[in-house]
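Secondary and tertiary structure notes
Each chain, letter by letter, is given below.
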Amino acid sequence: MASQFLLLAFLAITCSVAFASDPSSLQDFCVAEPTSSVPVNGHVCKDPKLVEANDFFLSGLHLAGNTSNPAGSKVTPANVAQIPGLNTFGISLVRIDYAPWGINAPHTHPRATEILTVVEGSLEVGFVTSNPENRLISKVLQKGDVFVFPVGLAHFQHNVGNGNAVAIAALSSQNPGAITLANAVFGSKPDISADVLAKAFQVDKNIVFDFQAKF
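Residues numbered from 1 in each chain as written. Predicted model: local features only at pLDDT ≥ 70, side-chain atom pairs only at ≥ 80, totals over all residues. Heavy atoms only, no water.

On the surface, F201, V203, I207, F211 and F215 cluster together to form a nonpolar patch covering roughly 410 Å² of accessible area. Along the chain, the position of F215 falls in the segment after α4 (205-214). (Patch = residues over 30% accessible without salt bridge, like charges linked within 9 Å, V, L, I, M, F, W, Y side chains within 5 Å. Areas by Shrake-Rupley, 256 points an atom, 1.4 Å probe, with all protein chains shown as cover. Salt bridge = Lys/Arg side-chain N within 4 Å of Asp/Glu carboxyl O. Helix = DSSP H or I, 4+ residues; strand = E, 2+ residues; numbered from the N terminus.)

Summarising the element assignment, H155 is placed in strand β8 (residues 155-159). The class of H155 is buried, set by a relative accessible area of 2%. For the pair formed by H155 and G126, sequence separation is 29 residues and the distance between their alpha carbons is 5.5 Å. Among the polar contacts made by the side chain of H155, one reaches the main-chain carbonyl oxygen of L153 at a distance of 3.0 Å. (Buried < 20%, exposed > 50% of the residue type's maximum accessible area, 1.4 Å probe, protein only. Polar contact = N/O pair within 3.5 Å; in protein donor to acceptor, adjacent residues only side chain to side chain.)

What follows is about unusual backbone geometry. Following N131, the chain continues into P132 via a peptide bond in cis, with omega recorded as 5 degrees. Take P132: it is sitting in the loop between β5 (123-128) and β6 (136-141). Cis geometry is adopted by the peptide bond preceding P190, which originates at K189 and carries an omega value of -5 degrees. Among the secondary structure elements, P190 is positioned in the loop between α2 (181-186) and α3 (194-201). With a phi angle near 75 degrees, T88 is a residue other than glycine that sits in the positive phi range. With respect to the secondary-structure elements, T88 resides in the loop between β1 (73-78) and β2 (92-98). Despite not being glycine, W101 shows a phi value in the positive range, around 65 degrees.

Shown next as structure tokens:
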């Protein structure tokens, strides 16, 4: 009897995990109300009677981003922070501009898969699989090519041309998040202990201090 109970309990838990997902929307839209102080997972809905076209609208993605920075790139987002009407829809967009030989440094999106298409130029792109394999999967893309970065995996883009490059990427979250690996490891506030990082990267602590000073 006990074994049957355990089996039923296991099946119940397995089924609940297998069918767990974001719930389907129960209304046409839930435009984000950024002024609300109510803590929720996402944003409180704006009164539908006050919703207007501009809640679903953003202008300016035709404008090039400023790539005058050490990475030589600029990400211009179009997520729920810019378009309140995206709330609960699980989708967002970015434009990425790259100076010649610029990079979008290795980073992850903890809440989204990304699909990127090259609008102009040539990009070397890639992602790294999880431990223990840590295999690099990469390819050079040309104008019109499309590439997918799986959710949570570290990935990058590198302009391998002498001219500017532009990409548009869609992400499967209204708020995908971004963790730039170098910034997170060497630029955390407060600092991660130099002893920890020196041991992790198998380098002298002075090298760690030098990297932390850059971030």
